[in-house]
Amino acid sequence: SDVFPGVGRFLLRVTMTEDQFFAEAQGAYMKLIHLMEPDEAKATILALAPRCDDVLTAALLTGDSWRERLYGLVLACHKDIAYLFPGVVRGFLDVRGISSVPAASVLSIAICDFGCPCPSEQFADANLEALDGEFGWCIACIQHDLGLTAPPSPRSGPNYDQSYAKHRELYRSLCRPE
């Protein structure tokens, strides 16, 4: 970090680009798929958070692949899940594989714990069969959290075998109190 000359020890905050973020995160997203070493992944990503503005976070949330979306979910929870909620919704509804279960857990946290509006009309238009039915299973998990349905079966996603409950616990731990 650069120091402003003659102004003491104030640091100049430089916003990262998406490419810089990926280079410095060094594949931490791999540890967020099935939550292998999630504390290490969190530490890596959160160390970069001060240099990630809301524009970068929103871009990651709605990126072209699941990799940037996983990074965006961690940053959104850490920064301000309610403020970044529109990006979470857009990213979730634009299905990108292995990020669906983590995105559903973050969406549930935003709705249930932070009072964000449930996009139920958009759920009605979604392709529930996407990812071999995993996307519909994700919506069922959110609906269960809202008290609208019984718990979905199986307990992990039918396509990638990710645990919704474990993802919800991880991402909730990143959120700041309301």
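Everything numeric in this text was worked out from a predicted model, so none of it was measured. (Residues numbered from 1 in each chain as written. Predicted model: local features only at pLDDT ≥ 70, side-chain atom pairs only at ≥ 80, totals over all residues. Heavy atoms only, no water.)

What follows covers the overall build of the protein chain. A tally of regular secondary structure across the protein chain gives 9 helices and 0 strands. Partitioning the intrachain contacts of the protein chain with sequence separation of at least 6 by distance along the chain shows that 67% fall at a separation of at least 24. Per element, the accessible surface of the protein chain, about 9000 Å² overall, is 53% carbon and sulfur. Put simply, the protein chain has 15 plus and 23 minus side-chain charges, and the middle of one group is 6 Å from the middle of the other. (Helix = DSSP H or I, 4+ residues; strand = E, 2+ residues; numbered from the N terminus. Contact = heavy atoms within 4.5 Å. Areas by Shrake-Rupley, 256 points an atom, 1.4 Å probe, with all protein chains shown as cover. Lys, Arg positive; Asp, Glu negative; His and termini not counted. Charge placed at Lys NZ, Arg CZ, Asp CG, Glu CD.)

One finds Phe21, Phe92, Leu107 and Tyr171 to be the most contacted residues of the largest nonpolar core, which totals 55 residues. Only helix H1 (18–25), helix H2 (38–48), helix H3 (54–61), helix H4 (66–79), helix H5 (85–93), helix H6 (100–114), helix H8 (134–145) and helix H9 (164–174) provide two or more residues apiece to this core. Considering every element that reaches this core, the biggest residue donor is H6, with 9 residues. (Core = buried A, V, L, I, M, F, W, Y, C linked by side-chain atoms within 4.5 Å. Buried < 20%, exposed > 50% of the residue type's maximum accessible area, 1.4 Å probe, protein only.)

The next thing to look at is the packing of aromatic side chains. Evaluation of the coordinates by the stated rule reveals 8 aromatic pairs. Summarising the aromatic geometry, the rings of phenylalanine 22 and tyrosine 71 are spaced 5.2 Å apart at their centres and angled 80° between planes, so their arrangement reads as edge-to-face. You can see phenylalanine 22 sitting in helix H1 and its partner tyrosine 71 sitting in helix H4, a full 49 residues away along the chain. Between phenylalanine 92 and phenylalanine 123, the aromatic rings sit 6.1 Å apart at their centres with planes inclined by 75°, giving edge-to-face as the arrangement. Here phenylalanine 92, found in helix H5, pairs with phenylalanine 123, found in helix H7 (residues 120–124); they are 31 residues apart in sequence, far enough to count as distant. Of the two residues, phenylalanine 92 and phenylalanine 123, both sit in the buried class. Within the aromatic cluster, the residues linked to one another by ring pairs are Phe21, Phe22, Tyr29, Trp66 and Tyr71. (Phe/Tyr/Trp six-rings, centres within 6.5 Å; stacked < 30°, edge-to-face > 60°.)

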